[in-house]
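# Observations on the three-dimensional arrangement
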Amino acid sequence: MADLAVASNVIACLDPPTRRATWKAISAALLPGGLLLFDPPPAGLPDGCEAAGRLGPVRVGPDLYSADVTRRPHRGVLRVVFTYRVERAQELLREAREAFDMWPVPPEQLAEELDAAGLRVVRAPGSDLVAARRPAP
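Residues numbered from 1 in each chain as written. Predicted model: local features only at pLDDT ≥ 70, side-chain atom pairs only at ≥ 80, totals over all residues. Heavy atoms only, no water.

Looking only at helices and strands, the chain has 2 helices and 8 strands in total. If you list the helices and strands of the chain from N to C, you get β-α-β-β-β-β-β-α-β-β. Its C-alpha radius of gyration of 18 Å places the chain more than 25% over the 14 Å reference for a compact globule of 137 residues. Counting only C-alpha atoms, the chain reaches 65 × 35 × 25 Å along its principal axes. Within the span of the chain, comprising 137 residues, buried residues form 29% of the whole. Of the contacts formed within the chain by residues at least 6 apart in sequence, a portion of 53% connects residues at least 24 apart. When the accessible surface of the chain is totalled, it reaches about 8,300 Å², and 54% of it is carbon and sulfur. (Helix = DSSP H or I, 4+ residues; strand = E, 2+ residues; numbered from the N terminus. Rg over C-alpha atoms; globule rule 2.2 N^0.38 Å. Buried < 20%, exposed > 50% of the residue type's maximum accessible area, 1.4 Å probe, protein only. Contact = heavy atoms within 4.5 Å. Areas by Shrake-Rupley, 256 points an atom, 1.4 Å probe, with all protein chains shown as cover.)

Spelled out as structure tokens, the structure:
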């Protein structure tokens, strides 16, 4: 049993049945009064491809490391693509990509899923998080 569960960069990557099973497993693992903190999945899909941000650049020795992040709808899910680059003297040395699928869920549905698993949404310590507590008896 635990007082705290943290799911960082995880929940959005779970398909709906797995996400609902995860809520139940977390609820069962939390002590009464225990708290769950997580970053919420996106509420919906964008209309098209969009730039979602850039990581870096960061210099390590002679090399410059960076990543561009894009998001686009793809068969009902949100496909997030990270394109990593390593440059030296303004020449591209390496480039690699990886993609993650995220399942959007509106906040109201998210609260319903948590409630069905025995977790109650409470005030989070930051605007970028969702908090839910297993009620004490």
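Within the largest apolar cluster, 16 residues are counted, with the highest numbers of intra-cluster contacts made by W23, L36, F38 and L114. If you list the elements that add at least two residues to this core, you get β1 (2–7), α1 (16–29), β2 (30–38), α2 (107–116) and β8 (130–133). The greatest single-element share of this core, amounting to 3 residues, is contributed by β2. Residues contacting F38, with those up to four places away along its chain left out, are A7, I11, W23, L110, L114, L129 and V130. (Core = buried A, V, L, I, M, F, W, Y, C linked by side-chain atoms within 4.5 Å.)

Moving on to the confidence of the model for the chain. Predicted coordinates in regions of low pLDDT should not be interpreted in detail. For the chain, mean pLDDT is 96; residues scoring 70 or higher make up 100% of the total. Mean pLDDT across the secondary structure elements of the chain bottoms out at strand β3 (residues 50–60), with 95, and peaks at α1, with 98. (pLDDT = per-residue confidence, 0-100.)

Our next topic: the sheet that holds strand β7 (residues 120–122). Ordered by their spatial adjacency, 4 strands build an open sheet running β1-β2-β8-β7, and the pairing between neighbours is mixed. In this open sheet, the two edge strands, each paired with only one partner strand, are β1 and β7. Taken over all neighbouring pairs, the strand axes of this sheet differ in orientation by 25 degrees on average, direction set aside. Relative to β8, β7 runs antiparallel, the two sharing 3 bridges. Bridge pairing in β8 links R120 to R133. (Pairing = 2+ DSSP bridges. Axes fitted to C-alpha atoms, helices over the stretch in contact; angles between N-to-C directions.)

Strand order in the open sheet formed by 4 strands is β3-β4-β5-β6, and the pairing between neighbours is antiparallel. Sheet topology places β3 and β6 (91–102) at the edges, where each strand pairs with a single neighbour. Direction aside, the axes of adjacent strands within the sheet are offset by 15 degrees on average. Sheet topology note: the strand β5 (residues 77–88)/β6 ladder contains 11 bridges and is antiparallel. Paired with R88 across the two strands is E91, which belongs to β6.

On to the pattern of salt bridges. Under the criterion given, the structure shown has 10 salt bridges. Note that R19 and E113 form a salt bridge whose closest N and O atoms lie 2.7 Å from each other. Of this pair, R19 sits in helix α1 while E113 sits in helix α2, and the two are 94 residues apart along the sequence. Each of the two residues, R19 as well as E113, counts as buried. If you follow the salt bridges from partner to partner, you end up with R54, D68, R85, E95 and R97 in one network. (Salt bridge = Lys/Arg side-chain N within 4 Å of Asp/Glu carboxyl O.)

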